Amino acid sequence: MSSGPSLVAWSDEFSIKMPEIDAQHRVLIDLINQVWAVTVASKPDAGKTLLIVDELEKYTLTHFTAEEIFMREMDYPDFKRHKQAHDQFVTRIAEEKQKIIAGQRLSLEIVHFLKDWLINHILASDRDYAAHCTRREAPKSVLGQFFKRLLG
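Quantities reported herein were computed from a predicted structural model and do not represent experimental measurements.

Examining the overall build of the protein
Across its full length, the protein holds five helices and zero strands. Counted from the first residue to the last, the protein has its helices and strands arranged as α-α-α-α-α. For the protein, the proportion of its 152 residues judged to be buried stands at 42%. Taking all contacts inside the protein whose residues are at least 6 apart in sequence as the whole, residues at least 24 apart take part in 79%.

Below, the structure written as structure tokens:
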């Protein structure tokens, strides 16, 4: 869990009513708070910042992979657009990682990017595909199996 100032806290408004994905979104919120804390720190620790961005990068790769497999399995009609958004997010995090490696600080711009992602992607796009899966009557165990297989 993050230490330091929090920017956002989990609330039921973020829930897409798929427990495995909600649990992962809680992890993302914690990572956003960690990014916020190092961004506003007067003397951020570059090593700690890199570790946080590494965790964010690892999160995106595992979470997006699992989500995309599940969307394909459920024949989600807006899969291509959803995957493009994931790809843009991964690219942005990789760019931030390179900036840190080059000795730059994280800027507030990344915090705004993450906040916008939370609002635009989780509260809109993820809810849309969750509703599609519910309409398709996806067995909860199928999603659980995907996450267990991919995430250990």
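Focus: the nonpolar core
Core analysis: the largest hydrophobic core is formed by 24 residues, its most contacted members being Val35 and Leu114. Judged by nonpolar contacts, the second largest core, of eleven residues, contains Met18, Met71, Tyr76 and Cys133.

So, the packing of aromatic side chains
In total, this model carries five aromatic pairs according to the counting rule given. A ring pair is formed by Trp10 and Phe14, whose centres lie 5.8 Å apart and whose planes are at 45°; its orientation type is tilted. By relative accessible area, which is 22% here, Trp10 ends up partly exposed. Ring centres 5.6 Å apart and planes at 80° place the aromatic pair Phe64 and Phe89 in the edge-to-face group. Here Phe89 lies in helix 3 (residues 79–101) and Phe64 lies in helix 2 (residues 46–73), a separation of 25 residues in the sequence. Across the pair, Phe89 and Phe64 agree in class, each one buried. A connected cluster of aromatic rings, assembled from ring pairs, spans Phe64, Phe89, Phe113 and Trp117. Over the ring of Phe113 we find Arg92, and its NZ or CZ is 4.8 Å from the ring centre.

Quick notes on the environment of Phe70
In this fold, Phe70 is placed in helix 2. Since its relative accessible area comes to 0%, Phe70 is described here as buried. Along the sequence, Phe70 and Tyr129 sit 59 residues apart, while their C-alpha atoms lie 10.0 Å from each other.

So, the packing of helix 1 (residues 19–40) against helix 2
Direction vectors running N to C along helix 1 and helix 2 enclose 160°, while the axes themselves pass 10 Å from each other. Between helix 1 and helix 2, the angle is such that the two are roughly antiparallel. The two elements helix 1 and helix 2 cross, and the hand of that crossing is left-handed. Counting all contacts with helix 1, which are made through Ile21, Gln24, His25, Val27, Leu28, Leu31, Gln34, Val35 and Val38, the residues of helix 2 involved are Lys48, Thr49, Ile52, Glu55, Leu56, Tyr59, His63 and Glu67. For the contact of helix 1 with helix 2, a count of residues per class yields nine nonpolar, five polar and three charged.

A short note on the side chain of Lys97
Examined against the element boundaries, Lys97 turns out to sit in helix 3. Classification of Lys97 as buried rests on a relative accessible area of 19%. Side chain to side chain, Lys97 and Glu57 meet in a polar contact 2.8 Å long. Each residue touching Lys97, except ones within four places of it in the same chain, is listed here: Leu50, Val53, Asp54 and Glu57.

With respect to the environment of Lys58
With respect to the helices, strands and loops of the structure, Lys58 is situated in helix 2. A relative accessible area of 47% places Lys58 in the partly exposed class. For the pair formed by Lys58 and Val90, sequence separation is 32 residues and the distance between their alpha carbons is 9.6 Å.

Conventions adopted
Residues numbered from 1 in each chain as written. Predicted model: local features only at pLDDT ≥ 70, side-chain atom pairs only at ≥ 80, totals over all residues. Heavy atoms only, no water. Helix = DSSP H or I, 4+ residues; strand = E, 2+ residues; numbered from the N terminus. Buried < 20%, exposed > 50% of the residue type's maximum accessible area, 1.4 Å probe, protein only. Contact = heavy atoms within 4.5 Å. Core = buried A, V, L, I, M, F, W, Y, C linked by side-chain atoms within 4.5 Å. Phe/Tyr/Trp six-rings, centres within 6.5 Å; stacked < 30°, edge-to-face > 60°. Lys NZ or Arg CZ within 6 Å of the ring centre and 35° of its normal. Axes fitted to C-alpha atoms, helices over the stretch in contact; angles between N-to-C directions. Parallel < 35°, antiparallel > 145°, perpendicular 65-115°, else oblique. Left-handed = near helix turned anticlockwise from the far one by under 90°. Nonpolar A, V, L, I, M, F, W, Y, C, P; charged D, E, K, R; others polar. Polar contact = N/O pair within 3.5 Å; in protein donor to acceptor, adjacent residues only side chain to side chain.

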